[in-house]
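A look at the structure
Okay, here's what each chain looks like letter by letter:
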Amino acid sequence: MNGWTLTAALVLGGGVGATLWGVATGPLRRRVVAQNLSTALACPALLLLSQGYDRPSYVDLALVLALLGPVGTLVFARLLAGELAGDPPRAQGVTWAAAGLGAAVVLALCVAVGPGRAMAKLLVVGALLVGGNLVASRALSGGFREVSRG
């Protein structure tokens, strides 16, 4: 076990374990936030495992997850807009923490792999991960109401 896999184990055990518990229990507002955060934490874990096990294919999996995770959250936000309107979820602190974790992991991996094609792919994954998480979180909290009225 090296430092990359140990960090991935900590992210998976602590972060994803907590979000899975949040998805399985509690009110609707906590479940949708936990679903959004589970993809935002699983993606950096996949990137860390990719470096730890020297498996570039895990970066492709993280790319797909970074793209489809926020899209799934946006679908939930749209379908559950009526139920979430009265008491919208508020998770700015947790959202920014997950975005910061994703950015830190991507930057650390960019330093580790050096310039090249792998770094470009990591930067794309990082942009999708951080941007998608922030947009999906804002949609869950009702930040795009003017779009849904149109």
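Everything below is about the structure shown above.
Residues numbered from 1 in each chain as written. Predicted model: local features only at pLDDT ≥ 70, side-chain atom pairs only at ≥ 80, totals over all residues. Heavy atoms only, no water.

1. Section: the overall build of the chain
Broken down by element type, the chain carries 7 helices and 0 strands. Moving toward the C terminus, one meets the helices and strands of the chain in the order α-α-α-α-α-α-α. Expected size for 150 residues packed as a compact globule is a radius of gyration near 15 Å; at 16 Å, the chain falls within 12% of this value. On the principal axes, the C-alpha backbone points of the chain span a range of 45 × 30 × 25 Å. A total of 150 residues make up the chain; the buried ones form 39% of that total. Long-range pairs, those at least 24 residues apart, make up 75% of the contacts in the chain between residues at least 6 apart in sequence. In the form shown here, the chain has an accessible surface area of approximately 8,100 Å², with 68% of it arising from carbon and sulfur atoms. (Helix = DSSP H or I, 4+ residues; strand = E, 2+ residues; numbered from the N terminus. Rg over C-alpha atoms; globule rule 2.2 N^0.38 Å. Buried < 20%, exposed > 50% of the residue type's maximum accessible area, 1.4 Å probe, protein only. Contact = heavy atoms within 4.5 Å. Areas by Shrake-Rupley, 256 points an atom, 1.4 Å probe, with all protein chains shown as cover.)

2. Quick notes on the nonpolar core
With 18 residues, the main nonpolar core has Cys43, Leu47, Ala62, Leu122 and Val125 as its most contacted residues. Looking at which element gives the most residues to this core, the answer is helix 2 (residues 28–53), with 6 residues. Ignoring anything within four residues of it in the chain, the contact list for leucine 47 reads Val59, Ala62, Val105, Val106, Leu109, Leu122 and Val125. Counting 14 residues, the second largest nonpolar core, distinct from the first, contains Val32, Ala40, Ala42 and Leu80. (Core = buried A, V, L, I, M, F, W, Y, C linked by side-chain atoms within 4.5 Å.)

3. Here we look at helix 5 (residues 92–113)
Residues three or four positions apart in an α-helix share a direction because the helix packs 3.6 residues into each turn. For helix 5, spanning 22 residues, the distance from its first C-alpha to its last is 31 Å, which sits close to the expected 32 Å at 1.5 Å a residue. Listed in full, the buried residues belonging to helix 5 are Thr95, Ala98, Ala99, Gly102, Val105, Val106, Leu109 and Cys110. Each buried residue of helix 5 sits inside an arc of 135° when the element is viewed along its axis, so together they form one side. Summarising the geometry of helix 5, the exposed residues directed more than 90 degrees from the buried face are Gln92, Gly93, Trp96, Leu107 and Val111. In this structure, the buried side of helix 5 is in contact with helix 1 (3–24), helix 2 and helix 6 (117–140). (Expected span 1.5 Å × (residues − 1). Arc of directions from axis to C-beta.)

4. Quick word on unusual backbone geometry
The phi dihedral of aspartate 54 falls on the positive side, at around 55°, and the residue is not glycine. The topology assignment puts aspartate 54 in the loop between helix 2 and helix 3 (57–79).

5. Examining the pattern of salt bridges
Any two side chains of opposite charge can pair, given that their charged atoms come close. For the coordinates displayed, the defined rule picks out 3 salt bridges. Each of Arg29, Asp87 and Arg90 takes part in one network of salt bridges that share partners. (Salt bridge = Lys/Arg side-chain N within 4 Å of Asp/Glu carboxyl O.)

6. Re helix 2
Taking 1.5 Å per residue, 26 residues should reach 38 Å; helix 2 reaches 37 Å between its end C-alpha atoms and fits that length. Among the 26 residues that make up helix 2, 20 are buried, leaving the element largely enclosed by the rest of the structure. Note on helix 2: the residue one or two positions beyond its end, aspartate 54, has a positive phi of about 55°.

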